[in-house]
Amino acid sequence: MKNEKNRKLTQAKNLKKDEFYTQLEDIEQELRHYKKHFKNKVVYCNCDDPRVSNFFKYFSLNFEKLGLKKLITTCYKNQNMDLFSQNKSEKAIYLEYEGDKNNNQIPDPEEIGIKSLNGDGDFRSEEAIKLLKQSDIVVTNPPFSLFRPYVAQLFEYNKKFLIIGHQNQIKYKETFKLIKENKMWMGYGFKGNAAHFINNHYTDYATAGDHKEGMIRVSGVTWLTNLDHTKRHEDLILYKKYNTDDYRKYDNYDAINVDKTKDIPMNYKGVMGVPITFMYKYNPDQFEILGMTSGRNEFEAVPTKKYLNPIQHNTDGSKINGSKANTSAAILWKKKPDGVYYTADKVKGYLTILYTRFLIKNKKLK
Ligand SMILES: C[S@@+](CC[C@H](N)C(=O)[O-])C[C@H]1O[C@@H](n2cnc3c(N)ncnc32)[C@H](O)[C@@H]1O
């Protein structure tokens, strides 16, 4: 009984986290780079109430301009959502639009004809999958808490897609594999990799200058897609030369460290560790992604050593278990560094650890 209550509470919390809505201008900004992909295509927005969603607005307004064949949207309805959702439905609904009813205006979903679904409209439900099968390209901002199953389903049904996600989600084991194999990549992205979403149920912690009423600012948001676009074929211009002072070798990975993507040395042939934001500049003709530093073999970057009894030394003098040294790339220093550092058995010196690094190689240097 208690477990059931907890499960419902967690579900309600997740649903609340998932209830924020994308602005029309952000959709327009990104979609303008993909126009050629939409001609004669069936677009499916499977997390969208057409009466609220700006994805429905964008595609219905631009239906003729893009040459779409059909637009389908489905709206999820869960009884726990009533408290915080802008979703107006009593029931889960769907809508199919085939154009020519808008006179260059956004058509009224009620006039087009909203139809009821039998189930709750979950993107994994039989009814939603039937609609998914009819569609060519899925475009939406899916629920953050269901990112893994959402992406898995897109691949299971072999769909083209353009969706909103978070840059940390590219570190998930399943997503990283898709990124590494060039089956999914970043879109053009949001300005400064942050966006405001429409939401009335959050305290917005954005700084005063960035605060917008009824909105939540989320940093690290990104578009993820398997639709080709021009930017991912542009070479990153490299201007720095490799030297051993600026580019330290990791103590536990066979690679050099590069702190900023723009500082990738132009003449280094070996393996380099770069921050995950490198993905915004990634051109698969220029670089190859080899793995990710995580200490786990499934990320295809195997550490060259495992630290024994690692200890983390905090700035206040306290010491704790330093196992993080075994799940990150580490740099070895002779002198004690400022800030947090690590020690371990048989390590002569002091270690500092880095945020997750993608290990890459320049394909153009042989
Ligand atoms: C981040 S919001 C984005 C809404 C809309 N796509 C937009 O961008 O404005 C995610 C939406 O997914 C819906 N949702 C949550 N769980 C779902 C599920 N299992 N299947 C389909 N939609 C779901 C939520 O109700 C929410 O409206």
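Everything below is about the structure printed above this text.
Residues numbered from 1 in each chain as written. Predicted model: local features only at pLDDT ≥ 70, side-chain atom pairs only at ≥ 80, totals over all residues.

(A) Seen up close, the overall build of the protein chain. From N to C terminus, the protein chain includes eight helices and 19 strands. Counting all 366 residues of the protein chain, 34% fall into the buried class. (Helix = DSSP H or I, 4+ residues; strand = E, 2+ residues; numbered from the N terminus. Buried ≥ 20, exposed ≤ 12 C-beta atoms within 10 Å, placed from the backbone.)

(B) A look at the nonpolar core. Judged by nonpolar contacts, the single largest core of 80 residues is most densely connected at Val43, Phe59, Val139 and Ile360. Residues from two domains meet in this core; each of domain 1 (17–232) and domain 2 (236–366) gives at least three. (Core = buried A, V, L, I, M, F, W, Y, C linked by C-beta atoms within 7 Å. Domains from an automatic or database assignment.)

(C) Focus on the environment of Lys363. Looking at where Lys363 falls in the secondary structure, it is placed in the segment after strand 19 (357–362). It is 8.3 Å that separates the C-alpha atoms of Lys363 and Lys269, two residues lying 94 residues apart in sequence. Dropping the residues within four chain positions of it, Lys363 is found in contact with Asp285, Gln286, Phe287 and Glu288. (Contact = placed C-beta atoms within 7 Å.)

(D) Region of the structure containing the site of the ligand. Near the ligand there are 20 residues, and of these Tyr21, Thr22, Cys47, Tyr76 and Asn141 occur at the shortest range. In the shell around the ligand, the residues fall into nine nonpolar, seven polar and four charged. (Near = placed C-beta within 6 Å. Nonpolar A, V, L, I, M, F, W, Y, C, P; charged D, E, K, R; others polar.)

(E) The pairing of strand 19, seen in detail. Most of strand 19 sits out of view: five of its six residues are buried. Bridge count between strand 12 (residues 272–275) and strand 19: four bridges; the pairing is antiparallel. Its bridge partner being in strand 19, Pro275 is matched across the sheet by Arg357. (Pairing = 2+ DSSP bridges.)

(F) Representation of the sheet that holds strand 2 (residues 70–75). Pairing in this open sheet of eight strands is mixed, and the strands run 4-3-2-1-5-6-10-7 from one edge to the other. What marks the edges here is a single partner per strand, and that holds for strand 4 (115–116) and strand 7 (185–186). Judged from the four bridges that link them, strand 5 (residues 137–140) and strand 6 (residues 160–166) form a sheet pairing that is parallel. Bridging across to strand 6, Thr140 finds its partner in Ile163.

(G) The arrangement of unusual backbone geometry in detail. Notably, Asn182 is not glycine yet its phi reads approximately 55°, a positive angle. Locating Asn182 in the fold gives a position in the loop between helix 8 (173–180) and strand 7. The exposure class assigned to Asn182 is partly exposed, which follows from the 13 C-beta atoms found within 10 Å. The phi torsion at Asn309 lies on the positive side, around 45°, for a residue other than glycine. Secondary-structure assignment places Asn309 in strand 14 (residues 308–313). A tally of 12 C-beta atoms within 10 Å means that Asn309 is categorised as exposed.

(H) Spotlight on the sheet that holds strand 19. As summarised here, the arrangement of the four strands in space is 11-12-19-13, forming an open sheet in which the pairing is mixed. The open sheet has two edge strands with one neighbour each: strand 11 (256–257) and strand 13 (287–292). Summarising the sheet, strand 11 and strand 12 pair through two bridges and their orientation is parallel. Bridge pairing in strand 12 links Ile256 to Met272.

(I) Examining the environment of Leu238 more closely. Tracing the backbone shows Leu238 in the loop between strand 10 (221–225) and strand 11. The exposure class assigned to Leu238 is partly exposed, which follows from the 17 C-beta atoms found within 10 Å. Between the alpha carbons of Leu238 and Asn267 there is a distance of 9.0 Å; along the sequence they are 29 residues apart. Leaving out residues up to four positions away in the same chain, Leu238 has contacts with Ile264, Pro265 and Met266.

(J) The arrangement of helix 2 (residues 24–31) in detail. Within the sequence span of helix 2, burial applies to Asp26, Ile27, Glu30 and Leu31. Down the axis, helix 2 shows its buried residues gathered within 120° of arc, on one side only. Elements in contact with the buried residues of helix 2: helix 3 (54–61), strand 8 (194–198) and strand 10. (Arc of directions from axis to C-beta.)

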